[in-house]
Every structure is written in structure tokens, then in C-alpha cells.
Amino acid sequence: MHEIIQYIESYLTSDKTPGAAGNMFWALVYIMLVFAGLSVAVIAMNWLERKILAHMQVRLGPMRVGPHGLLQPIADAIKLLLKEDIMPAEADGFVFWMAPLIVVLAAFTVFVVVPFGPTHAITDMNIGILFMLGVSSLSVLGIVMAGWASNSHYPLIGALRSSAQMVSYEVAMGLAVVSAILMTSLNAEGTGTLSMIGIVQAQQAQGEWFIFKFFPLGLIAFFIFAVAMVAETNRAPFDLAEAESELTAGFHTEYSGFRWSLFFLAEYSAMIAVSSIAVTLWLGGWLRPFPNLLSGSTWDLLFSLFPGVTFLLFAAICFYNTARMPKHPLFRIQTIGLAGFGAVLGVIGLVLFVPAVSVRVQDIFWFSTKVAGFMYLYIWYRGTFPRYRFDQLMRMGWKVLLPMGLGVLILTASVALLQQKIWHP
Amino acid sequence: MTDSNTSLSHLDLETPEKPFLDANELVINMGPQHPATHGVLRVILRLDGEKVLGLECVIGYLHRGVEKIGEHRTYTMFNPYVDRMDYVAAVSNGLGYCETVERLLNVEAPPRAQHVRVILTELNRIASHQLWLGTHALDIGAITPLFYTFRDREEILKIYEKYCGARLTTHAFRIGGLQYETYTGFEKEVKNFLTFFRPKIDEYEELLTTNRIWVERTKNVGTISAEDCIALGVTGPVLRASGVKWDLRKAQPYANYKNFDFEIPTGQNGDTYDRYLVRMAEMRQSVRIIQQAVDALPEGPIMAKVPKVMKPPAGEVYHSIEAPKGELGYFIVSDGSTQPYRLRVRPPSFVNLQALDVMCRGQLVADVVAVIGTLDIVLGEVDR
């Protein structure tokens, strides 16, 4: 018993991820935490997308199920689970069944290496970024399978569009990623890294996020990635694969109920995954903002208060809306619910002020905040842009982003070489 | 005008002779249940990958036999039925019908009625164009303009509701004039709407006119030449965007449009983008007309002297007006009884829909959706 406790405790002082430290117990705990966190994030994202989009479009969005529609995603999930599971008569049963599983598997597996902090990842692989890109592109297989197995025209066209789009944008994406990886090798030893944690640590060591490195080269690479990642996840304005007005629902037209919700889950977790890559590669991962400009222990202390303050702010918003709730008895349960939700957020916020907790979760907070920024961008794009046409999309991928990516890569390499060989021989 | 057969011959409307299932060909059925076919239009597409080789429209899913119903209703009883054809421009339909019967009866609505008719019809043109803009943008993937246009269209519907109690199928006009006097504050509310609406057009344009993706999606898409438009009988903004300055409000002035000063916006290229610009400009012109009409609203009776039981003299009449979607014509044959002997409607949507094949051939699937949107069809009017 004592050994077990020691085994569990030994990780708490370690500076490695549980997977890299070989600590099975904590690895399992992290897997569960990441899985649960991801599911909560998808649910929250579902609600936020509907609310934010609604407010952009002068509507209210969900307002009925729970206060301000907070329980709407849960109601939707229950509805989807209870729906009849329809498989088209002419469909290829096994492939039809496999397709959503592959998509979900690909979308969730990438989170094995996502670094929420120097010690907060399931594991740290020395090929981390390759693993992420490789596994996330597996989802295209699932999409093609879904389109083919449905044995129907709209899904087929949707799947073809989707696969062509994902394959072509992966090229530009890869070039942008390579130029970021090149930057990790700008140290005394001249050795770069593919490890997700190593990439962030390289930014920390160089004292510069890669988005600002070799200005504007880092910024251009980031821009290429930011465009390609929207295309990669089939979101507006590149949502041709599921172009609602053209192909009804694209590759998942024939899917319903739980299978459909798996595609939904996969789409949102893929969005979070690619945003995490962007955050890790260019935006300093878990590092807090303004590390150079506002350095020093005072600023460190101030920034360590941010997580708690944020949660308290959310709690305050909840309480403010509780006070604004209609005073009718019909709304009593909703009012109590909203106040309770606010109380939970407030308690979390207070706990986050405890220094021991604060030190350990700060990284996670900054990482999630940056990812949340990307999620907001996704919603904003969807509310703003019309949809590209297929040929225009391809033209942009191959004729604009790919040459740009190549140019940035060559320029980055040249500048890096010059810096290492001439300026600092 | 040349013989219609010869002028149509260069269009080559027959699909090329090929075995039914070429290995490269995909026959796809779009509609009648489809998010972008604006109701129950069914389009059978022949595709080569994403490219459209040809298409065929199947219509009639919303056929209600409006023309036949007309033969069994008195002239007054039939009036509300016309609202159900182009239900987003019900007031225009009513205007066309009332004016046609008035010609048959040889009466003329008094000036005040004419002015109110113009105000309501032009408001209706704005409402119809707003609905077109919202759904057209939605088809192309911009989901937000729809809600902006619906928000502003609401103000027009409120005016209708206050005027006659109905919002969509208004039955606003009567043969010989109007049934209702305008409500207190009508003029003020219309004027308020105009000041409210002018900046809103700029807002729509800000969202779309210079939007790169919007321009790419609409420029050189669904191009149709002026000759083809004339050969196919296409009218309205589609014709004007091809460069033909033809607007019945100017060409054959009806109601009292000749009293108002406005321009006919035209395009040059006849593509989707030009049609978009023409319709946006038309909304501005409508605002101009309403402003003049409401400023010069005369006092006086609102109903001409029409018999209680209408028995128009035997004869026939064709009268057409410029509905938001094009030339809306009514052909009525009277045999001297209380009901029309034959009533025929020339709906703009139905005729304009003919051009779909010409406009889509050689384009991509995504463009079909854009072209259906830009033709601004209402299936209630196509099928009647």
C-alpha cells in the first residue's frame, strides 16, 4: 500500500509528463481528464457557438432549456441518443459503421501529445507534431468511408470534396509547420525538436513566440496555418464538404442519431486539436502573455491571479443574470440553477487563488484561453464569410498557400542559417 | 422581334446525345426537398464531377390550380387568391389583378388610392428584394445577412399589419381602389421607415459588395446575354442586369408611376454579381419613389364607383405590371357574367426559371445554387 502511494506521489514532484515518466497511474488519470475535459469543451463549444452566432445575427439563440439555454447541448445529446438509428438499405453496413468510429478515434487520439503544460500532457513524444498531423489526417479516411458507404450521391460528392480539400491543404499546412520547427533549432547546440513540449520550451528559451520570430516570416507561416486549419476541419468558409445549401449535409447526409453525433463530436474536437497545434507552434503554448515586456516576480504574481479572476468574472456574469431573471414562479428553478452554476464557478475561482493549485494549473489556463480564442475565430468566420467554391478553394490551396509556404520555409531557413553562421559564429 | 424559334436555336437546349450512364456522368436529383431550391423546385442535374452538363427542372409540386379557381369565383372573390401566388410580393400581385379588372370595367382608382397603392407596392418590392438577398446570401454560405434583412423586413410587415391586418398575404387593394383609409400616422411611419432603411442598404452592401469571397462566387457566374434573355422571355432584374433598360413602370406606366422621378438601374455583364447590384440599386430607387409618393399624398376618396355586382362587358384584356421579380401579367377574358371566362397569369418566376439551364450549363454544382438564388423564384408563383 505504501509503495502504491509512493508511486502515485512520486509523479507530483516530477517535471515530466506522466507518459514520459512512465507513471501508469497518472497517465490513466490524465487520459480520463483529457477525455472528460474534451467532452465538456465540445458541449460548451456547441452552446457558445449557437449563442455567439445568434448574437452576431441579432437573435437570442437557445433560451428555453435551462437559463439562457445552458442545458440545450445536453438536451440535444439526449435527443440524438434516443433517435432511431437508420442505416440506408443499400449502404455498405460494415464500412458505414466503421466510418464515424475512425473519425472520432482520429480526433481524440491526437490529444495524447497536446501539451497543456510542461507536465500536463498524457505523454511527450519526440515525434509529437508528426504524430498529431499524421493521426489527424486519418480522419479523411473516415470521411471517405462515410461518403462511399452511404451509397448515395450527395455524401459521395461531399466525401470527394472533403478528401481533396484536406489532402491539398495538408501540404500547405505541413510547410508552415516545418518552418516553425526550423525555428526550434536556433539554440547553442543547433538541434531542433518535434516534441510538442520541446517546441514550447524552445520558444521559452529563445524568449520569443514563433509568431513574432523573424518578423514577418513567423507571422506569415502562422497565417498559412490558420487558413489551412480552417480548411482542414471543414469549417466555414471552407465547409464545402457539408455545404448545407448545396449538398444538404455532405458526407454525413445519411447519418442520424448517435452516429451523426459522433461526426459532430469529431468535428469539434478536431477544431480544438488543430487550434492546439497553432497555439503550441506559434503562440507559446502554455506560456503566459507578455513574458518579456512584463517580466519579474510582481508581474508573475499578477498573471497567476488571472485564472481565478476569470472564473470569478464568469460567476459574476451568472449572478448578474440571476438578478435579471424574470421574477415569475415558473422561472424559479432556472434562477436557482443559474445561481448554482455561478456558485460553482465562483468556488472554482476561489480555489484557483490557492498558490499550490494556481502554480499547477496556470499553464492549463493559458493554453485553454489561447485555444478558446481560436474557437471564437472559427465562430466569427462562420458568421461573416460566404462559402468558397470548390475550384476557388483548390486554387487558393495550391496556387496561393503552397507557394507562400514554400517561400516562407526557404526564407526562414536562410535567415536562420545566416543568423547561426554569420551573426553568431 | 425575330421569330422565337430562330432566335432560340443558338441556345442548343437539347442535352447532347450520349448513353444514359456515361462512366463520367452522374445524374443527381436536387429537390423537391432541398435547402436551396427555395421551396419545392426539383432539378435533375447531369454532372461530370462537379461540372454541370445540363439540367432539367421538374415543377408542379405546389400546383393549386389558381387559374382554374379564377373561373369559378366572382371577380371580387378571386382577389385574395392572387396573393398566394408570389406570397413574398402579395401586394404586387394584388395591384396587377385589380388594375386588370379595372381596365375590364373601365374604371380608374382615385388619385389618393393610386398613391397609397404605389407606396405599398414599392414597400413590397423592398420586402421581396430583402428576402431575395437574405436567401441568396444564405445559399452562397453567408448566413448572417438573412437575419439582418429579416429584421428590417419586419418594419415593412408592421406597416402592412397596421394598414390591413395581414402581414404576408395582405389582400391590400380592392377593385376600384382601396377598402381601408390609411391609419393615423401612416405617412409618418412610412417616412420613419425610409430614414431607418437607407443606412440599412449600406449595411447589407458593406457585408457583401466588396467581400472577396462574395465577388468571387458571383462574378461571371450564371451569365446570360441580353439576346438570350429576350429570346427566353426573361424579365425583371435579370433582364436589366444583362443591360436591357426595360422596366414596365417606365415603358408602359401603370398606376401613377409616371408622376414619380426614378431611374432604372441596369448592369452590363448579366452575371450574378450584376443582378445583385441591380437589385440593391432598385431598393434605393424604391425608397426614392416612396419618398415622393408619401410627400405628395393627395386627399380625396379612396374608392372609385364600381358596381356591387361586377359584370364587366364581354371582351378580353391583358395588363402587366413590373412585379419585384419581373413582368407579372394578367389576361382575363370576360363573357359578361360575374366570373371570368378564362383567367391566365403570366408569372415572372415561371418564365425566368426557363433560363436556369442556359445559365448553369458548364458551371459547377455550387453555381446552380447561386443561380437559383439569383433568379429569385417563388415556387408558389411558378406552379400557381
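The model shown is predicted, which means the values in this text are computed figures rather than measured ones.

J.: Help me understand the overall build of chain B, please; the structure alone is not making it clear to me.
T.: Scanning chain B from terminus to terminus reveals 16 helices and eight strands. A burial count over chain B gives 50% of its 384 residues as buried. For chain B, long-range pairs separated by at least 24 residues make up 70% of all intrachain contacts whose partners lie at least 6 apart in sequence.

J.: Even after reading the chapter, I still don't get the nonpolar core, so can you show me in this structure?
T.: Inside soluble globular proteins, nonpolar side chains tend to come together where they are buried. Residues and elements named next belong to chain A. Counting residues in hydrophobic clusters, the biggest one holds 210 residues, and the most contacted among them are Val103, Ala176, Ile224, Phe225 and Ala228. Excluding its chain neighbours within four sequence positions, the residues that come into contact with Ile224 are Ala172, Ala176, Leu401, Met404, Gly405 and Val408. Ranked by size, the runner-up nonpolar core spans nine residues in total, among them Trp47, Leu70, Ala315 and Phe341.

J.: Whenever I open this one, the interface of chain B and chain A confuses me. Can you help?
T.: One frequently used descriptor of interface size is the decrease in accessible area upon assembly of the parts. Every contact between the two is made by 26 residues of chain B and, on the other side, 22 residues of chain A. Every element with two or more residues in the side of chain B that touches chain A is listed here: β1 (25-30), α5 (111-140), α6 (144-164), α8 (212-218) and α15 (365-375) of chain B. Each residue belonging to the side of chain B that touches chain A can be placed in one class, and the counts come to 17 nonpolar, four polar and five charged.

J.: Honestly, the domain arrangement of chain A in this entry has me stumped. Any pointers?
T.: Residues and elements named next belong to chain A. The domain boundaries assigned to chain A delineate domain 1 (42-82) and domain 2 (86-288 + 387-425). Summarising the inter-unit geometry, the C-alpha centres of domain 1 and domain 2 are found 27 Å apart. Counting residues at the interface gives five residues for domain 1, matched by seven residues for domain 2. Of all the secondary-structure elements, those providing two or more residues to the side of domain 1 that touches domain 2 are α3 (24-56) and α4 (72-82). A total of three residues in the side of domain 1 that touches domain 2 trace back to one element, the largest contributor, which is α4. Among the residues making up the side of domain 1 that touches domain 2, the classes are represented as five nonpolar, no polar and no charged.

J.: Whenever I open this one, the domain arrangement of chain B confuses me. Can you help?
T.: All names here are of chain B. We note that the domain assignment places domain 1 (4-58) and domain 2 (66-383) within chain B. Put simply, the middle of domain 1 and the middle of domain 2, counted by C-alpha atoms, are 29 Å apart. Sorting the residues of the side of domain 1 that touches domain 2 by element identifies α1 (4-9), β2 (42-48) and β3 (51-58) as the ones contributing at least two each. The element contributing the most residues to the side of domain 1 that touches domain 2 is β3, with five residues. Taken together, the residues of the side of domain 1 that touches domain 2 sort by class into 12 nonpolar, six polar and two charged.

J.: Where do I start with the sheet that holds β1 of chain B in this structure?
T.: Paired through backbone hydrogen bonds, the strands of a sheet run either parallel or antiparallel to each other. All names here are of chain B. Ordered in space as β1-β2-β3, the three strands form an open sheet in which the pairing is antiparallel. In this open sheet, the two edge strands, each paired with only one partner strand, are β1 and β3. Averaged over neighbouring strand pairs, the angle between their axes works out to 20 degrees when direction is ignored.

J.: So what exactly am I meant to see when it comes to the packing of helix α12 (residues 257-282) of chain A against helix α16 (residues 355-384) of chain A here?
T.: How two helices sit against one another is set out by the angle between their axes and by the gap between those axes. Residue and element names in this part refer to chain A. Where α12 meets α16, the axes come as close as 9 Å, and the angle between the chain directions of the two elements is 120 degrees. One element, α12, and the other, α16, form an angle in the oblique class. In terms of crossing hand, the pair formed by α12 and α16 is right-handed. Contacts between α12 and α16 involve Met271, Ile272, Ser275, Ser276, Ala278 and Val279 from the first element and Phe367, Lys370, Val371, Phe374, Met375 and Tyr378 from the second. Within the contact of α12 with α16, the residues separate by chemical class into nine nonpolar, two polar and one charged.

J.: How should the sheet that holds strand β6 (residues 315-323) of chain B be read in this particular structure?
T.: Residue and element names in this part refer to chain B. As summarised here, the arrangement of the three strands in space is β6-β7-β8, forming an open sheet in which the pairing is antiparallel. Strands at the two margins of the open sheet, each flanked by one partner only, are β6 and β8 (340-346). Along the sheet, successive strands turn relative to each other by an average axial angle of 15 degrees, direction set aside. The pairing of strand β7 (residues 326-334) with β8 spans six bridges and is antiparallel. Residue pairing in the sheet places Phe331 in a bridge with Arg344 of β8.

J.: I would appreciate a short explanation of the pairing of β6 of chain B in the present structure.
T.: For a regular strand, side-chain orientation follows a simple rule: the groups alternate between the two sheet faces. All names here are of chain B. Of the strand pairs in this sheet, β6 and β7 are connected by nine bridges, and their pairing is antiparallel. Its bridge partner being in β7, Ala323 is matched across the sheet by Gly326. Linking β6 to β7, which pair antiparallel, is a turn of two residues.

J.: How do you make sense of the confidence of the model for chain B when you look at a structure like this?
T.: One rule of thumb: low pLDDT means the predicted coordinates there are not for detailed reading. Residue and element names in this part refer to chain B. On average, chain B scores 85 in pLDDT, and the residues at 70 or more come to 94%. Ignoring residues within four places in sequence, the model shows residues 1-7, a span with pLDDT below 50, making three contacts including any to other chains. Complex prediction metrics read pTM 0.85 and ipTM 0.80.

Rules and cut-offs
- Residues numbered from 1 in each chain as written.
- Chains lettered and ligands numbered in written order.
- Predicted model: local features only at pLDDT ≥ 70, side-chain atom pairs only at ≥ 80, totals over all residues.
- Helix = DSSP H or I, 4+ residues; strand = E, 2+ residues; numbered from the N terminus.
- Buried ≥ 20, exposed ≤ 12 C-beta atoms within 10 Å, placed from the backbone.
- Contact = placed C-beta atoms within 7 Å.
- Core = buried A, V, L, I, M, F, W, Y, C linked by C-beta atoms within 7 Å.
- Nonpolar A, V, L, I, M, F, W, Y, C, P; charged D, E, K, R; others polar.
- Domains from an automatic or database assignment.
- Pairing = 2+ DSSP bridges.
- Axes fitted to C-alpha atoms, helices over the stretch in contact; angles between N-to-C directions.
- Parallel < 35°, antiparallel > 145°, perpendicular 65-115°, else oblique.
- Left-handed = near helix turned anticlockwise from the far one by under 90°.
- pLDDT = per-residue confidence, 0-100.

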